Amino acid sequence: MKSTRIITIAMLLLGGGLRAQTDDASFTPANPPGLLPLPSHKSPAYRAAKLFRHGVNLGDYLEAGSWAVKIDAGEFAAMKHEGFDHVRVPVGWHRYAGPAPDFTLSPEIFSRVDFAVTNTLNNHMAVMINIHHFDALDKDPTNTAAEFLKIWQQIAAHYRNFPARLAFELDNEPHDYATTALMNPIYAQAITEIRQTNPKRTIFVEPGGWGSIAELKNLVLPPDDNVIVSVHCYDPFHFTHQGASWTSADVQQTNIVFPGPPAQPLAMDEGLNPKPWVRDWIEKYNTLPSGQNPSSPLAFTGKLKYLHAWSDYYGRPIHLGEFGAYIKADERSRANFYAAFRQAAEKEQLGWCIWDWSANFRYWDKKNNAPMPGMRDALFGK
Ligand code: BGC
């Protein structure tokens, strides 16, 4: 599922393209001229961004199929108690849509989303709902745009009178054919559509390439003053996705710690037959000191710095809508990673939202009704 993401990352690492761009302290604006910088950093978007600082994704819930987790009303109180100020709710609306041309959404999905939204709001957190895993849009954005817009029209009408602490995110991780360039005009249409019923609602927008930072430079947005840009970052991918079955063969090597280097050089799992760039990454991981190691904050600090510069220049707040590490990494490394990432995000004044609450990148251990070891301190400690 995430194979494109890993291939893109491999290409960037090999070519050094992103590193050259992001590690450069002097930021050069490169977006198409259609993206006008907005002068005010006191706009409604900036005010809204203050509500979306420390968030949690309800992953594998309303966007998932048979593997979905259950979330009880009491868990929303736990989220607030832990220190989260917002909740991102991925939703597979398209799976509840009737036939063209109306694509009528079923009452069932509205009642399930209402449950998550009202419980979040009642627990004094902000909430963001999106369209997640809309594969048809990634395969054929031009011919799926009508359905995408109809779905947003219905969501917008349903939530028009909800408090301002409810935000909409247009599409999770556009990729494949849903390039940033193709999505730009579709986003503009969706924003116009939503504004008919929700003139003041905060709207989050992700670039293509799975919401990647490298794609930000292709984003064009209308001069709407309540739009926040959201990107996802799972670097270092060999650490965060180790052993994940839904991504490429490149990340099947487990026992990778954070930060590197490991106490003992990692012997590669037999039978993996890694590609040259994976061998190269592991070689560096085994040998380079922590300040230069690829499994270290070096994998993301330059990128987060670039986000800060981009955001300042274009006058659009940026939110890190997903980051996290799969449960196959050891507990201490996961906690180290979450701590280092959120500290780096906060240094750059970026709101963050972890993937995820209680599924495979979990923060919350449902069995013990407590956070996973080290996680509370990682996210909310000093
Ligand atoms: C996907 C999840 C996946 C996560 C980490 C999310 O965007 O929706 O299915 O577990 O990324 O790869």
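Residues numbered from 1 in each chain as written. Predicted model: local features only at pLDDT ≥ 70, side-chain atom pairs only at ≥ 80, totals over all residues. Heavy atoms only, no water.

What the rule picks out here adds up to 33 aromatic pairs. An angle of 75 degrees between the planes, with centres 5.2 Å apart, marks the rings of F84 and Y363 as edge-to-face. Here F84, found in the loop between α4 (73–82) and β2 (86–89), pairs with Y363, found in the loop between β8 (351–354) and β9 (364–365); they are 279 residues apart in sequence, far enough to count as distant. The pair formed by F84 and Y363 is uniform in burial state, with each residue classed as buried. Relative to Y159, the ring of F110 lies with its centre 6.4 Å away and its plane at 50 degrees, an arrangement referred to as tilted. Remark: Y159 occurs in the loop between α7 (141–158) and β4 (166–169) and F110 occurs in helix α5 (residues 107–122); sequence separation between them is 49 residues. As far as the burial class goes, F110 and Y159 line up, both buried. Of note, R201 hangs over the ring of F168, and the distance from its end group to the ring centre comes to 5.4 Å. (Phe/Tyr/Trp six-rings, centres within 6.5 Å; stacked < 30°, edge-to-face > 60°. Helix = DSSP H or I, 4+ residues; strand = E, 2+ residues; numbered from the N terminus. Buried < 20%, exposed > 50% of the residue type's maximum accessible area, 1.4 Å probe, protein only. Lys NZ or Arg CZ within 6 Å of the ring centre and 35° of its normal.)

Right, let's talk about helix α11 (residues 276–287) for a bit. Taking 1.5 Å per residue, twelve residues should reach 16 Å; α11 reaches 16 Å between its end C-alpha atoms and fits that length. Residues of α11 that are buried make contact with α10 (237–240). (Expected span 1.5 Å × (residues − 1). Contact = heavy atoms within 4.5 Å.)

Its place among the elements puts L62 in the loop between β1 (54–57) and α4. Note: C-alpha distance between L62 and G92 (30 residues apart in sequence) is 6.3 Å. Excluding anything up to four places from it in sequence, L62 contacts V89, P90, V91, G92, R95, R112, V113 and A116.

As far as function goes, none of this settles anything; it's purely spatial.
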